[in-house]
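Each chain, letter by letter, is given below.
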Amino acid sequence: MRILMVCLGNICRSPIAEGVMQEKINQHHLDWTVDSAGTESFHVGEAPHRFSQKVCANHGIDISHQRARRFIKADFKNYDKIYAMAKDVYYEIENIGSFNGDMSKVVLFLNELKPDSNESVPDPYYGGEAGFEPVYELIDQTCDAIVQRYAVPDTIDS
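Scoring rules and cut-offs
- Residues numbered from 1 in each chain as written.
- Predicted model: local features only at pLDDT ≥ 70, side-chain atom pairs only at ≥ 80, totals over all residues.
- Heavy atoms only, no water.
- Salt bridge = Lys/Arg side-chain N within 4 Å of Asp/Glu carboxyl O.
- Helix = DSSP H or I, 4+ residues; strand = E, 2+ residues; numbered from the N terminus.
- Buried < 20%, exposed > 50% of the residue type's maximum accessible area, 1.4 Å probe, protein only.
- Core = buried A, V, L, I, M, F, W, Y, C linked by side-chain atoms within 4.5 Å.
- Phe/Tyr/Trp six-rings, centres within 6.5 Å; stacked < 30°, edge-to-face > 60°.
- Polar contact = N/O pair within 3.5 Å; in protein donor to acceptor, adjacent residues only side chain to side chain.
- Contact = heavy atoms within 4.5 Å.
- Pairing = 2+ DSSP bridges.
- Axes fitted to C-alpha atoms, helices over the stretch in contact; angles between N-to-C directions.
- Disulfide = S-S within 2.5 Å.

## Examining the pattern of salt bridges
Here is step 1: Using the criterion set out here, one finds 9 salt bridges in the structure.
Here is step 2: Salt-bridge contacts for Arg 2 lead to Asp 80; the nearest nitrogen and oxygen are separated by 2.9 Å. Taken as a pair, Arg 2 in strand β1 (residues 2–7) and Asp 80 in the loop between α3 (75–78) and β3 (81–84) lie far apart in primary sequence, 78 residues in all.
Here is step 3: Accessibility expressed as a relative area gives 34% for Arg 2, which makes it partly exposed.
Here is step 4: Each member of the salt-bridge network shares a partner with another, and the members are Lys 24, Asp 140 and Asp 144.

## Concerning the nonpolar core
Here is step 1: Core analysis: the largest hydrophobic core is formed by 34 residues, its most contacted members being Met 5, Met 21, Trp 32, Phe 109 and Ile 139.
Here is step 2: Of all the secondary structure elements, the ones that give two or more residues to this core are β1, α1 (13–27), α2 (50–58) and α5 (132–150).
Here is step 3: At 8 residues, α5 tops the list of elements feeding residues into this core.
Here is step 4: Ranked by size, the runner-up nonpolar core spans 15 residues in total, among them Phe 71, Tyr 79, Ile 82 and Val 89.

## Things to note about the packing of aromatic side chains
Here is step 1: Tallied over the entire structure, the rule returns 5 aromatic pairs.
Here is step 2: Measuring from centroid to centroid gives 5.4 Å for Phe 71 and Phe 76, while their planes differ by 85°, and the two rings are edge-to-face. No difference in accessibility class separates Phe 71 from Phe 76, as the two residues are buried.

## Concerning the side chain of Ser 36
Here is step 1: Note on placement: Ser 36 falls in strand β2 (residues 33–38).
Here is step 2: In this structure the side chain of Ser 36 is engaged in a polar contact, spanning 3.0 Å, whose partner is the side chain of Asn 10.
Here is step 3: At 2.6 Å, the side chain of Ser 36 and the side chain of Glu 18 are in polar contact.
Here is step 4: Residues contacting Ser 36, with those up to four places away along its chain left out, are Leu 4, Met 5, Asn 10, Ser 14, Pro 15, Glu 18, Gln 66 and Arg 69.

## Remarks on the sheet that holds β1
Here is step 1: Taken together, 4 strands build an open sheet; the order of strands is β2-β1-β3-β4 and the sheet is parallel. The strands lining the two open edges of the sheet, one partner per strand, are β2 and β4 (106–108). With strand direction ignored, the average angle separating the axes of adjacent strands in the sheet is 25°.
Here is step 2: As defined by bridge partners, β1 adjoins β3 across 4 bridges and the pair is classed as parallel. Bridge pairing links Met 5 to Tyr 83 in β3.
Here is step 3: Lying over the sheet, α1 contacts β1 and β2, oriented at roughly 180° with respect to β2.

## Details of the state of the cysteines
Here is step 1: Enumeration according to the criterion identifies 0 disulfides in this entry.
Here is step 2: Cys 12 carries a free sulfur, and the closest cysteine sulfur to it, the one in Cys 7, is 6.7 Å from it.
Here is step 3: Just so you know, Cys 143 is unpaired, no disulfide at all, and the nearest cysteine sulfur is the one on Cys 56, 10.0 Å from it.
Here is step 4: Here Cys 143 falls in the buried class, since its relative accessible area comes to 0%.

Written out as structure tokens, the structure reads:
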């Protein structure tokens, strides 16, 4: 499975989600790939936010190598699952696809943890460092739910 995590600027939520999912892919020896992108170009080429890097490092995950990029129309073709971190991101993905992108691939990320809740992952960008840990925990739980739902049961290590 090819997964793309998408948030607004690709420096806070989606890089954390990419890092956490990559860690779970490695732990469970899954034949999956994961990447991240943002719907806006504010931070293209930048490393993840320092607090995103710090919260991941506190959990043994290094995301410092990631660089922000913008979501593009070709991503509809290149990924099997596209996770929008928030409702506004979902609508912007739809807009970028000009209503011709395969929106059946696009899911609000938290719907994997809380089906049909249509909730957004809180954006920690405007808060302080303390806002990043709860976002990390929510992303970690949701990535676990994704692995449980889509991995072949025999491939999941206990």
